[in-house]
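Here is how the chains run, residue by residue.
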Amino acid sequence: MNLKTRPVEYKDGKTTCIGYLAWDESRADPLPCVLVNHAWGGLDGFAQDQAVRMAALGYVGFALDNYGDGALPETMDEKAAMMTPLKEDRKALLKRLTAGYKAAAALDEVDETHMAAMGFCFGGLCTLDMARAGLDLHAAISFHGLLDAPEGLPKKKCKASVLVAHGWDDPMADPDMVKAFGNEMAERKCDWQLHAYGNVVHGFMNPEADNKKMGIVYNELAAQRATNASLDLLAEKFSMHGIDQA
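From a predicted model like this one, the values you see are computed outputs, not experimental measurements.

(A) Examining unusual backbone geometry more closely. Even without being glycine, His144 reaches a positive phi, approximately 35°. Here His144 shows up in the loop between β6 (139-143) and β7 (161-167). His144 sits in the buried class, given a relative accessible area of 5%. Backbone geometry places Lys189, a non-glycine residue, at a positive phi of 60°. Take Lys189: it is sitting in the loop between α5 (175-188) and β8 (191-197).

Structure below.
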């Protein structure tokens, strides 16, 4: 195994985005790709590490730059200022996400017929919106993601199998929101599953999450369970890659 990484520039209109590609250079053929949607802090080290982790598992990891220009807000106010306009304009967000999806699909390292996406917090919402839009993904995985559906966009059947890994006590997605999300998925006739972890709040996948006041706390056991579920789904969806089914 010879893991490599490099930045990849792509455009959303006039905005330049700088994605982060991770792949195993010893693999000659294009491989399944897992897109990584970052949390509200931008395409940071955590998001990059997830892309590398996917590459180490035999996929291609591609972390999207959903803020553009490689922006890395530092304070909570700065993070909210970057995230809120996109969360409130889901049409613009979907356009940005689709630009990243197309950029990844065009890479030589990627088998564009075998793609999936995962995301964390705001990135979970991004991932779910990609599935809601009917992008050609085999799987869409949300970790402690925001669950509210976009308004004013066509309701399409999800092509992706959806997995939501959720802390039951997450203050940013309470049980009423979870129920609404389940109803939405049923209405769309999606293949979906939800894993809810008891006594777990927001941010449970990130070892640096430690803000009890905001309900953002790492939970090692929940993180491991969510990781196992996600890897099982990816293995299921990519199991036939490279096999001639003619």
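(B) Examining the packing of aromatic side chains more closely. A full pass over the atoms with the stated rule returns seven aromatic pairs. Look at Tyr10 and Phe62: their rings are 6.2 Å apart centre to centre, the planes differ by 50°, and that puts the pair in the tilted class. Here Tyr10, found in strand β1 (residues 3-12), pairs with Phe62, found in strand β4 (residues 60-63); they are 52 residues apart in sequence, far enough to count as distant. In terms of burial, Tyr10 and Phe62 fall into one category: buried. Between Phe120 and Phe143, the ring centres sit 4.8 Å apart and the planes meet at 15°, which makes this aromatic pair stacked. On the criterion of sequence distance, the pair formed by Phe120 in strand β5 (residues 110-120) and Phe143 in strand β6 is long-range, its members being 23 residues apart. Judged by relative accessible area, which is 0%, Phe143 ranks as buried. Ring pairing ties together the aromatic residues Phe46, Phe120 and Phe143, which thus form one cluster.

Conventions adopted
Residues numbered from 1 in each chain as written. Predicted model: local features only at pLDDT ≥ 70, side-chain atom pairs only at ≥ 80, totals over all residues. Heavy atoms only, no water. Helix = DSSP H or I, 4+ residues; strand = E, 2+ residues; numbered from the N terminus. Buried < 20%, exposed > 50% of the residue type's maximum accessible area, 1.4 Å probe, protein only. Phe/Tyr/Trp six-rings, centres within 6.5 Å; stacked < 30°, edge-to-face > 60°.

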